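Structure at a glance
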Amino acid sequence: MELKHYLDRLGALDLSKMYNGDFFLTWEKSDDEIEAVFQVADALRNLRERNISTKIFKSGLGVSLFRDNSTRTRFSFTSACNLLGLCVQDLDEGKSQIAHGETVRETANMISFMADAIGIRDDMYIGKGNSYMHEVADALTEGYQSGVLEQKPTLVNLQCDIDHPTQCMADMLHILHEFGGAENLRGKKLAMSWAYSPSYGKPLSVPQGVIGLMTRFGMEVVLAHPEGYEVMPETLGVAQKNAQKTGGKFSVTNNMAEAFAGADVVYPKSWAPFAAMEQRTKLYEAGDGDGIKALEKELLGQNAAHKDWSCTEAFMKTTRDGKALYLHCLPADISGVSCEAGEVDASVFDRYRTPLYKEASFKPYIIAAMIFLAKCKNPAGTLKALEARARNRAFVE
Amino acid sequence: MELKHYLDRLGALDLSKMYNGDFFLTWEKSDDEIEAVFQVADALRNLRERNISTKIFKSGLGVSLFRDNSTRTRFSFTSACNLLGLCVQDLDEGKSQIAHGETVRETANMISFMADAIGIRDDMYIGKGNSYMHEVADALTEGYQSGVLEQKPTLVNLQCDIDHPTQCMADMLHILHEFGGAENLRGKKLAMSWAYSPSYGKPLSVPQGVIGLMTRFGMEVVLAHPEGYEVMPETLGVAQKNAQKTGGKFSVTNNMAEAFAGADVVYPKSWAPFAAMEQRTKLYEAGDGDGIKALEKELLGQNAAHKDWSCTEAFMKTTRDGKALYLHCLPADISGVSCEAGEVDASVFDRYRTPLYKEASFKPYIIAAMIFLAKCKNPAGTLKALEARARNRAFVE
Amino acid sequence: MELKHYLDRLGALDLSKMYNGDFFLTWEKSDDEIEAVFQVADALRNLRERNISTKIFKSGLGVSLFRDNSTRTRFSFTSACNLLGLCVQDLDEGKSQIAHGETVRETANMISFMADAIGIRDDMYIGKGNSYMHEVADALTEGYQSGVLEQKPTLVNLQCDIDHPTQCMADMLHILHEFGGAENLRGKKLAMSWAYSPSYGKPLSVPQGVIGLMTRFGMEVVLAHPEGYEVMPETLGVAQKNAQKTGGKFSVTNNMAEAFAGADVVYPKSWAPFAAMEQRTKLYEAGDGDGIKALEKELLGQNAAHKDWSCTEAFMKTTRDGKALYLHCLPADISGVSCEAGEVDASVFDRYRTPLYKEASFKPYIIAAMIFLAKCKNPAGTLKALEARARNRAFVE
């Protein structure tokens, strides 16, 4: 594909609200804005593959804040910043004075004098992560408006308690590439299904983000889970509304077989019940260690009752031509490999290994595109200028 | 202000000793050298605000070594290095072989083969931090002279037991901006006052650095603290000498009201008595855990007897027109916010929030200026060349 | 030396297999390839010393993975990456999901979407480090071939259980500089000798790497150690074969005096017996804490019986003209300085301090050369283009 293709599409979109903006939840973005992220991600990849540097910054920081362990998200964010010319400085709360009661507003400004982007992952506690991100973004906006900050750093949600936009948009861009574009998705069936895992407390942001985003493309999206594994109610409403608007369908079932039957895309993945995560958040707030242990035991027991919710070869056979596209945010709990019984059969996972890695490879580009769109008033013009400037990413012979 | 303004000033200063030098204590620097740091800091900011890249390095490391937790200083140093094109590599003693008895001389050379700057924060123990920095700088000078190092990394004191030059110079540059230049400071009154905090053992480097620097501008500087909270005696001598030389005044009082009365600038901040910090250092050396606990208890008790030393609205009313410029190195202990009773009333702090953040925003530029001046024989010429080169910091449309 | 000198040599070498390759063990490389690393290292240094930027990357990551504490290797790798324009992102297993059982293959791909180089230090367990590196490199090659990765990151062995190629090649380049070229090494005697240290369990990769590399230059290489301190048998075979091929000599002795007598180069250094390290690896696998403690006690006792194996002034007198070149990978255990009795007399170490630091200064260039050679089809052409491009590393006046 020539770069011009992406520029033409970008030129037709209304991106006026993205400039100097932030990225919290996909459903807060217009269809134009969502498409722009995909187009810019593809355009940046196009340039890099042709060894053309996409560095739009000669200096500037990308600040990362991870409230949970992270390998792939950390590398995705660093890769995205590096691709644009930003240097990552991690805000490690263990090492910083934040731990000693410093206010969010103050810290947000103190770390941002030369920051162009801030990526935050805060998915552990219900009702906390997303609101914390808004606190930070509000502080940065205020700091910029009052002249404290010379630029407005853009905040990228690297996973919160509600949505996981960089993951789900990477998943979606993968689908778009596999199916040859949005125009081929109408009527396709996608099953976002709970799957058994021997660990407990996996975040809800992926299933919630998937039903919140994938329902925007006229597909038939089915959310499947055992009774008791309900997701955050608001996200069901988002999915319903999206489906209605695009002429697609959205439904919830407690039957995995029903979800998989004839599916074009399957996304089997474990998560914890929203109600249990709400309870856990309260227990942590109360410092109730015994309560947390009791809840953990209860949840593991509840999980164990649903070992049949697994992406087996048998289930895969029931999908469209037995060849549904298998998705996962990785790492997956693979039966007989990473655990005795898990989310997916080893043979299924093996067959989809290369597509799964490609799915993941979109994430750095998605993050870079989100930053890019917040930094350029005229994204298409900037991309064109980068191509014209034609600096080699690797100056090698 | 046009860049030419800064270049003209710089051109009139004798900076011959700054090239390939280090920055330990402000009072070791001539008036010309102090002014140069301010001029270069402002000039770098001028260029950045006009989206002109100030990257003077295409490659090179800035090494950071923090012997204490740090958020803002870490980000200031990283921002400064990034602004000049240096990549920060942290020397984490916890992870390094330093912890296992490696000599300072050897480590200093081993980490510096491609280092252009080294920033060290070491403020915990009296008589240690500054002398450690000299050990490092001496090793680097020797390494450079003997041909081991291809360049002489410049050492920047990011806080030691004696002075906190990057903080105090950022504070001073803020004062200069607020009052419209050094020529407007003659006769102005600055109160550097102890203030109550429920924590103990806060470093002395800020009050010592403030009286050591702010007495150079013809101001009336008053150091106020309760009896028993004396600072390092040598720094009193420095302040006295500075005041005499510039026709200003320097005095010490045990009366906060006296210090605040009619003040143009107030800097109320907690610190630990110098004598107690000396004692603590000895207890740590002796590994006397019980002694340390006893000292801590004693100091907290001593602090608690002075809760009336707080920057209240009532005290602020007594300053010049009730509108003295309130300074703090942050984070402050805010009464009713970060603690029950602390250094400052919440309403006072809130009113000065934006100026306080601006005060902090100078620090990355101060650090960058210190590095810049050690790297350029002709700083004005280099700044002029950067403006002429006119590379966009952000290449965006 | 003019750059042309290095380019001419490079032009005469067969480097066809280095492009897109990895660097595991020196004896897996041809003589041409080994020489190329030296020539490129010197050429990069030549350019840097003339203030010419050697940045061949405008963006890209260098990933570091250290399974052991490290200061100098960490800084060497960061320096090398920085010199070429790569930004280092550390893969900290403590912080990452690797610790939770993620597979090597998956992680290798997930961190490499924008990685051009990966440096790994994994020297703790016999039979593990090198094989782990191969697992990673195989995964990256597969990822590249299947289109998951846009580029093939080159893997650099920063120390494994078998070899320490970046260290030994830095040592060798130092020898080449000290002796004025490979043509002057024929018949020179090098003593790689065990030396007493009060610590136990020092890695074998240095002595193994030294006998595996230094036997390629027609020298007489003597490996000396007390009975019971044998190295990995395979590496003896490598040394033997090298010596035969180049007309040099290789021998093993249990007599330090014999090794030092008339030596031109001495490398006295402690290491643990290979058999004991094998045993330790098994004890760790079995989680046998008591066994590990018992082994440690036994090894320390065994060491203590050989305190006379120390690089004393008396031993140094027996070398060629009493002036053999003293080598060490640092840090050394210096008698009376870092320990009561150790590997070397303080006066010997002091006399060689500057050469020792210079020896270490080659490592960043060696690492950079290894990466450079894996990235450039035409290394000489790229170096020439860098000189012609003539961008200042430091843009200062």
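Residues numbered from 1 in each chain as written. Chains lettered and ligands numbered in written order. Predicted model: local features only at pLDDT ≥ 70, side-chain atom pairs only at ≥ 80, totals over all residues. Heavy atoms only, no water.

Some points on the overall build of chain A
Within chain A one finds 15 helices and 11 strands. In terms of C-alpha radius of gyration, chain A reaches 21 Å, essentially the compact-globule figure of 21 Å for 397 residues. In terms of overall dimensions, chain A has C-alpha extents of about 55 × 50 × 45 Å along its principal axes. Counting every position in chain A, which comprises 397 residues, the buried fraction comes to 64%. Excluding contacts between residues fewer than 6 apart, the proportion of contacts in chain A whose partners are at least 24 apart in sequence is 82%. As displayed, chain A offers around 13700 Å² of accessible surface, 49% of which is attributable to carbon and sulfur atoms. (Helix = DSSP H or I, 4+ residues; strand = E, 2+ residues; numbered from the N terminus. Rg over C-alpha atoms; globule rule 2.2 N^0.38 Å. Buried < 20%, exposed > 50% of the residue type's maximum accessible area, 1.4 Å probe, protein only. Contact = heavy atoms within 4.5 Å. Areas by Shrake-Rupley, 256 points an atom, 1.4 Å probe, with all protein chains shown as cover.)

Points about the sheet that holds strand E9 (residues 325–326) of chain C
All names here are of chain C. If you trace the five strands from one edge of the open sheet to the other, you get E7-E6-E5-E8-E9, paired in parallel fashion. The sheet terminates laterally at strand E7 (249–253) and E9, the two strands that pair on one side only. Examined bridge by bridge, strand E5 (residues 189–194) and strand E8 (residues 265–269) share five bridges and lie parallel to one another. Bridge pairing in E8 links Met192 to Tyr267. (Pairing = 2+ DSSP bridges.)

Some details on the nonpolar core
Core analysis: the biggest nonpolar cluster contains 422 residues, and Tyr326(B) and Tyr326(C) have the highest contact counts within it. Apart from the residues lying within four places of it in its own chain, the contact partners of Tyr326(B) are Val266(B), Pro268(B), Cys311(B), Met316(B), Ala332(B), Val344(B), Val348(B), Phe349(B), Tyr352(B), Leu356(B) and Glu359(B). (Core = buried A, V, L, I, M, F, W, Y, C linked by side-chain atoms within 4.5 Å.)

Considerations on the confidence of the model for chain A
All names here are of chain A. Here chain A averages 95 in pLDDT, and 98% of its residues register 70 or above. Note that residues 97–102 has pLDDT below 50 and, in this model, 13 contacts with residues that lie over four places away or in other chains. For this predicted complex, the interface confidence score (ipTM) comes to 0.95, while the overall pTM stands at 0.97. (pLDDT = per-residue confidence, 0-100.)

Here's the deal with the pairing of strand E3 (residues 115–122) of chain B
Residues and elements named next belong to chain B. For E3, the tally of buried residues reaches eight of eight residues, placing the bulk of the element in the interior. Bridge count for strand E1 (residues 61–66) against E3 is six bridges, and the pairing is parallel. Across the sheet, the residue bridging to Val63 is Ile118, located in E3. Looking at chain direction, E3 and strand E4 (residues 154–160) are connected through five bridges and run parallel. Bridging across to E4, Asp122 finds its partner in Cys160. Handedness of the crossover is the feature at issue here: the chain leaves E3, passes through helix H5 (residues 129–145), returns alongside E4, and the resulting connection is right-handed. (Right-handed = clockwise from strand over helix to strand, strands pointing away.)

Looking at the packing of aromatic side chains
This model, assessed by the stated rule, comprises 15 aromatic pairs over all chains. Consider the rings of Phe260(A) and Phe315(A), whose centres lie 5.6 Å apart with planes at 50°: the pair is tilted. Here Phe260(A) is found in helix H9 (residues 256–260), whereas its partner Phe315(A) is found in helix H12 (residues 313–317), with 55 residues between them in sequence. Of the residues examined, Phe260(A) reaches a relative accessible area of 0% and is grouped as buried. Over the ring of Phe23(A) we find Lys29(A); its NZ or CZ atom is 5.0 Å from the centre of that ring. Between the NZ or CZ atom of Arg389(C) and the centre of the ring of Phe395(A), over which it lies, the distance is 4.3 Å. (Phe/Tyr/Trp six-rings, centres within 6.5 Å; stacked < 30°, edge-to-face > 60°. Lys NZ or Arg CZ within 6 Å of the ring centre and 35° of its normal.)

Description of the pattern of salt bridges
Inspection of every chain in the model, using the stated rule, returns 63 salt bridges over all chains. Taking the shortest distance from any N to any O, the salt bridge between Lys202(A) and Asp333(A) comes out at 2.9 Å. You can see Lys202(A) sitting in the loop between strand E5 (189–194) and helix H7 (205–214) and its partner Asp333(A) sitting in the loop between strand E9 (325–326) and strand E10 (334–335), a full 131 residues away along the chain. Asp333(A) matches Lys202(A) in its accessibility class, with the two residues each being buried. Here Glu313(B) ties to Arg351(B) by a salt bridge, and the two come within 2.8 Å at their closest N and O atoms. Separated by 38 residues along the polypeptide, Glu313(B) in helix H12 (residues 313–317) and Arg351(B) in helix H13 (residues 346–351) bring together distant segments of the chain. Classification of Arg351(B) by relative accessible area gives partly exposed; the value is 44%. Residues participating in the shared-partner salt-bridge network are Arg45(A), Arg48(A), Glu49(A) and Glu150(C). (Salt bridge = Lys/Arg side-chain N within 4 Å of Asp/Glu carboxyl O.)

Some remarks on the interface of chain B and chain C
Interfaces are often sized by the accessible area lost when the parts come together. Between chain B and chain C, the residue contacts involve 42 residues of the former and 34 residues of the latter. Of the roughly 3700 Å² buried at the junction of chain B and chain C (both faces included), carbon and sulfur atoms supply 55%. Taken together, chain B and chain C are joined by four salt bridges. One salt bridge in this structure joins Glu150(B) and Arg48(C), with 2.7 Å as the shortest N-O distance. Along the contact surface separating chain B from chain C lie 15 residue pairs in polar contact (both at pLDDT 80 or more). Contributions of two or more residues to the side of chain B that touches chain C are made by E1, strand E2 (87–90), helix H4 (104–110) and helix H15 (379–389) of chain B. Of the residues assigned to the side of chain B that touches chain C, the class counts are 15 nonpolar, 15 polar and 12 charged. (Buried area = accessible area lost by both parts, 1.4 Å probe. Polar contact = N/O pair within 3.5 Å; in protein donor to acceptor, adjacent residues only side chain to side chain. Nonpolar A, V, L, I, M, F, W, Y, C, P; charged D, E, K, R; others polar.)

Notes on the side chain of Asp333(C)
All names here are of chain C. Taking relative accessible area as the criterion, Asp333 reaches 14% and is therefore assigned buried. Within the structure, Asp333 has its side chain in polar contact with the side chain of Ser197 (distance 2.7 Å). At 2.8 Å, the side chain of Asp333 forms a polar contact with the side chain of Lys202.

Observations regarding the relation of the copies chain B and chain C
By a simple turn and slide, chain B fits onto chain C: the slide is 0.0 Å along the axis, the RMSD is 0.0 Å, and the turn is 120°. Within this description, the copies of the chain are treated as partners about a three-fold rotation axis. Residue Cys87(B), judged by its C-alpha, is the member of chain B lying nearest the rotation axis, at 4.6 Å. Each copy contacts the other with its own distinct surface, as only 2% of the interface residues of chain B are interface residues in chain C too. (Least-squares fit on C-alpha atoms with pLDDT ≥ 70 in both.)

Section: the relation of the copies chain A and chain B
By a simple turn and slide, chain A fits onto chain B: the slide is 0.0 Å along the axis, the RMSD is 0.0 Å, and the turn is 120°. A low fraction, 2%, of the interface residues of chain A reappear at the interface in chain B, so the copies pair through non-equivalent surfaces.

Here we look at the environment of Gln145(C)
All names here are of chain C. Relative to the helices and strands, Gln145 resides in helix H5 (residues 129–145). We classify Gln145 as exposed; its relative accessible area is 66%. Counting along the chain gives 96 residues from Gln145 to Glu49, while the straight-line C-alpha distance between them is 38 Å.

Description of the interface of chain A and chain B
Contacts between the two partners involve 42 residues from chain A, matched on the other side by 34 residues from chain B. In total, chain A and chain B occlude about 3700 Å² of area from one another, counting both sides; carbon and sulfur atoms represent 55% of this. There are four salt bridges connecting chain A and chain B. Linking Arg393(B) and Asp116(A) is a salt bridge whose minimum nitrogen-to-oxygen distance equals 2.9 Å. For the interface between chain A and chain B, the tally reads 14 residue pairs in polar contact (both at pLDDT 80 or more). Partitioned by chemical class, the residues of the side of chain A that touches chain B number 15 nonpolar, 15 polar and 12 charged.

Digging into the pairing of strand E6 (residues 220–224) of chain A
Residues and elements named next belong to chain A. For E6, the buried fraction is high: four of the five residues fall into the buried class. Following the backbone out of E5, through H7 and into the adjacent parallel E6, one traces a crossover that is right-handed. Sheet topology places E6 next to strand E7 (residues 249–253); five bridges connect them, and they run parallel. For Glu220, the partnering residue across the bridge sits in E7 and is Lys249. In this region the chain leaves E6, passes through helix H8 (residues 233–246) and returns to the parallel neighbour E7; the handedness of that crossover is right-handed.

With respect to the environment of Thr354(B)
Within the secondary structure, Thr354(B) is located in helix H14 (residues 353–375). Residue classification places Thr354(B) among the partly exposed residues on the basis of a relative accessible area of 27%.

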